[in-house]
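This is what each chain is made of:
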Amino acid sequence: QQQVKQSPQSLIVQKGGISIINCAYENTAFDYFPWYQQFPGKGPALLIAIRPDVSEKKEGRFTISFNKSAKQFSLHIMDSQPGDSATYFCAAREGSARQLTFGSGTQLTVLP
Amino acid sequence: GAGVSQTPSNKVTEKGKYVELRCDPISGHTALYWYRQSLGQGPEFLIYFQGTGAADDSGLPNDRFFAVRPEGSVSTLKIQRTERGDSAVYLCASSSQGSGTSGSSYNEQFFGPGTRLTVL
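**Observations regarding the pattern of salt bridges**
Then step 1. A complete count under the given rule lists five salt bridges over all chains for this structure.
Then step 2. We note a salt bridge from Arg 61 of chain A to Asp 84 of chain A, for which the minimum N-O separation is 2.8 Å. You can see Arg 61 of chain A sitting in the loop between strand S6 (56-59) and strand S7 (62-67) and its partner Asp 84 of chain A sitting in the loop between strand S8 (72-77) and strand S9 (86-94), a full 23 residues away along the chain.
Then step 3. On the basis of relative accessibility, which here comes to 6%, the residue Asp 84 of chain A falls in the buried class.
Then step 4. Across the pair Arg 22 of chain B and Asp 24 of chain B runs a salt bridge whose closest N-O atoms are separated by 2.8 Å.
Then step 5. Of the residues examined, Asp 24 of chain B reaches a relative accessible area of 22% and is grouped as partly exposed.
Then step 6. Each of Arg 64, Glu 83 and Asp 86 of chain B takes part in salt bridges that share partners, so that together they form one network.

Have a look at this one:
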């Protein structure tokens, strides 16, 4: 079963625009929600992460918004740049476990 | 510093053959994970090692898949009697031993570049 649902599958944004990727989860035991960035031929790299005791976390141009009651979280990329073009994965982890459960990914293209 | 390395980067084999995929984690990382990433999908968990022992192998799809980490560092994922459906990128990740509840990194997993396995 798909425990973390991610949308959209692909996203095209103009340079300088805002990119928004959404994820929803079902397992209320999840307590850690990272976002990963993956370039072709590379492994995923941690971008930013949040715990459910806060509703928002910002690091530079990247912001996670978290809605615990709705069991949803999203990644916002401000002032999107062509170098941000990559595949983005949301993920979640249950406190008692170690492994990550990933969403299906969003392929972001930022046009120059 | 060196990150997680995986060899080979690409492996082409024939249906029914045996393959071994190797992962060298970041030095000092006690936790090691294997994931499988099919085309257009997110990584799927296979197995997690804490030290030398497999702490959780619930993601291994069947008994054709096996992994070892005999000295608590390098790990090998072994696939017997490969099938075309095994074709995917196999990712390895490592993380440090931490409390799991303190700090902002929350035992961040660092991924290697993966091994692309193609079963013909």
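**Some remarks on the state of the cysteines**
Then step 1. Following the criterion strictly, the structure yields two disulfides over all chains and no others.
Then step 2. What pairs with Cys 23 of chain A in a disulfide is Cys 90 of chain A, and their sulfur atoms sit 1.9 Å apart. Judged by the torsion about the S-S bond (-90 degrees), the Cys 23 of chain A/Cys 90 of chain A disulfide is left-handed. Of this pair, Cys 23 of chain A sits in strand S3 (residues 19-25) while Cys 90 of chain A is found in strand S9, placing the two residues 67 residues apart along the sequence. Like Cys 23 of chain A, the residue Cys 90 of chain A is buried in the burial classification.
Then step 3. One disulfide bridge connects Cys 23 of chain B with Cys 92 of chain B, the sulfur atoms lying 1.8 Å from each other. The S-S bond linking Cys 23 of chain B to Cys 92 of chain B shows a torsion near -65 degrees; that makes this disulfide left-handed. One end of the pair, Cys 23 of chain B, is in strand S3 (residues 19-24); the other, Cys 92 of chain B, is in strand S9 (residues 88-95), with 69 residues separating them in the sequence.

About the cut-offs
Starting from 1, residues in each chain are numbered consecutively following that chain's sequence as written. Lettering for chains starts from A, numbering for ligands starts from 1, and both go in the order in which the items are written. Totals for whole chains, interfaces and linings use every residue, but because this is a predicted model, local features are given only for residues with pLDDT of at least 70 and side-chain atom pairs only at 80 or more, for both listing and counting. Remark: hydrogens and water are excluded; side-chain values derive from all non-hydrogen atoms of the structure. Just to be clear on terms, a salt bridge is a Lys or Arg side-chain nitrogen sitting within 4 Å of an Asp or Glu carboxyl oxygen. The helix count covers DSSP runs of H or I at least four residues long, the strand count covers runs of E at least two residues long, and both are numbered beginning at the N terminus. Any residue under 20% of the maximum accessible area for its type is buried, any over 50% is exposed, and the rest in between are partly exposed; the area is computed with a 1.4 Å probe on protein chains only. When two cysteine sulfur atoms are found within 2.5 Å, that pair is recorded as a disulfide.

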